[in-house]
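Observations on chain architecture
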Amino acid sequence: MTPIAIRRGLVIAASVLLGVALAVSSSAQGMYYKEIKKDGRIYVFNDAKKADMFEKSGEMGTGLTRPGSGPNGETVVADSEQALELFFFKHGISETVTRPKSPTQRVEWRDVKTRFTLGDTFYMEVSNRVQARYTHDIPDDNRTIAGTAKAGDSVGSFRIRRAKFKLEGWFYKPELTYEVQMNWPAVTGSNPGAFLEDANIGWDVSKKGTFKVLLGQNKVAFGHQELTSSGSQIFVDRAEVSNQYSRGRDLGLSVIGVLLDNKLEYRAGIYNGNGLTRTTNDNDEFQYNARLMWQVSGKQNLKQRAWVSGAFYSEGDFESTDTPLFALGANFEQNNFHRTTTSNDLKDTIYGFDGTFKYKGVFATAEYYIRERTPETGSKFNSDGWFGQLAYNLGSKRDWAVSGSYGKFDPTDLVSGNDRKEWRVGLSYFYSRHSLKVQADYGELKDEAGNSGAGAANKEFRLQTQFIF
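Residues numbered from 1 in each chain as written. Predicted model: local features only at pLDDT ≥ 70, side-chain atom pairs only at ≥ 80, totals over all residues. Heavy atoms only, no water.

Although it is not a glycine, aspartate 111 adopts a positive phi angle of roughly 55°. Within the fold, aspartate 111 resides in the loop between strand 5 (105-110) and strand 6 (113-118). The class of aspartate 111 is partly exposed, set by a relative accessible area of 40%. (Helix = DSSP H or I, 4+ residues; strand = E, 2+ residues; numbered from the N terminus. Buried < 20%, exposed > 50% of the residue type's maximum accessible area, 1.4 Å probe, protein only.)

Now the structure itself:
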């Protein structure tokens, strides 16, 4: 039997099989096949529903078009690659059909994050962070803690300080980023939405890490220690001075990027000005923020478009080698906000300055704030503050650290002798840097104006473990 006869026999057999499939009228994709000639074209279907829709409406929807591929040079329109393959096989046409490749999928656990990659259109990092803490409060002899029998009695308690779940990555293109972070212990009856900490979308306009626009909820551009993750602190938690002057997260529009070979980091933004997860502005004013950080020590590598030099937003020194790491920052904030506890609204103008130094295990940071406050009624006043921290990472792996800190701020210069002070000493063990660590510190918070000027002090011991996975 000649090759031509064999080929004709195969074509006839295929036609018979297709005829049987049509006679059975199977609607299952893969078994169904139908040709419809219309307006000089041949429409080919492997899906009964699409064929029925075409016969009723004349609309094909999406399909594959092959001009001149019919037996007599007709244009062929198929609803899928499989329909096109069946058409070519039936009519003995030797044309190939290229099927789209399935996107490459990859899942891996690296750098304490689970990472998902789907082709070149989607990337996601998933991480969880838990901080379990024990705190022992030791008040002075003239202060009574709720739940105790008398003044001066101490009390201990356990808590989950933070339990965060975070999704971040990019979609469609690497320059379109997203971030969603939730903190479950933050849920309260007064503000149940506070568990949603971050929810924003970003656009890297420059496509090379020098100019990015963020829309949504995230940390405002102010305060070095506030911008440093709570999971990357050298003490159990941030300094009280930082908490007093840095307002944290808000809803708004901001820009962030680097210039001059990554030596200069800049941030700026406009926000509602009334804090975390308040979905509307509480007055007709906005909050404005700006920050510049000059990385004196030179070029730092951006990792996966991280937008910041990680060494300067991680406390303790795990990074320096033969070259000191040194950065200086300047911050600005202006906000006219509504005070819910009084009818007397307040306008703030704050200037902040900070410095960070790392070298061979030594870590030092300091921040100074100048704040001018203007009440809706009453006299204008100043409220300045500062703090400093010093730590030393011990051992060849720098997995132990001893630390000390001191800070104070003045709530108002209209009242004398009302400073609030904080000091602490700490000891930390880093099994895997900040990803898995145990920290302990002991210190005192003192309000010099407390108890009719006699002063009120509260000492506390804190023990905390953190694990990120």
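Anyway, onward from the coordinates.
Attention shifts here to the environment of glutamate 108. With respect to the helices and strands, the residue glutamate 108 is situated in strand 5. With relative accessibility at 23%, the residue glutamate 108 sits in the partly exposed group. Spatially, the C-alpha atom of glutamate 108 lies 9.7 Å from that of glutamate 125, the residues being 17 residues apart in sequence. When residues no more than four places from it in sequence are discounted, the contact partners of glutamate 108 are Lys113, Thr114 and Arg115. (Contact = heavy atoms within 4.5 Å.)

This part covers the pairing of strand 7 (residues 122-139). Sheet topology note: the strand 6/strand 7 ladder contains five bridges and is antiparallel. Across the sheet, phenylalanine 116 pairs through a bridge with methionine 124, a residue of strand 7. Where strand 6 folds back onto strand 7 in an antiparallel hairpin, the turn is made up of three residues, including glycine 119, whose phi is positive at roughly 55°. Relative to strand 8 (residues 155-171), strand 7 runs antiparallel, the two being bridged by 16 bridges. Its bridge partner lying in strand 8, aspartate 137 is registered against valine 155. Here strand 7 runs beside strand 23 (residues 456-468); their pairing, made up of 11 bridges, is antiparallel. (Pairing = 2+ DSSP bridges.)

The topology assignment puts glutamine 334 in strand 15 (residues 325-337). C-alpha of glutamine 334 to C-alpha of arginine 371: the two residues are 37 residues apart in sequence and 9.8 Å apart in space. Excluding its chain neighbours within four sequence positions, the residues that come into contact with glutamine 334 are Phe286, Gln287, Tyr288, Lys347, Asp348 and Thr349.

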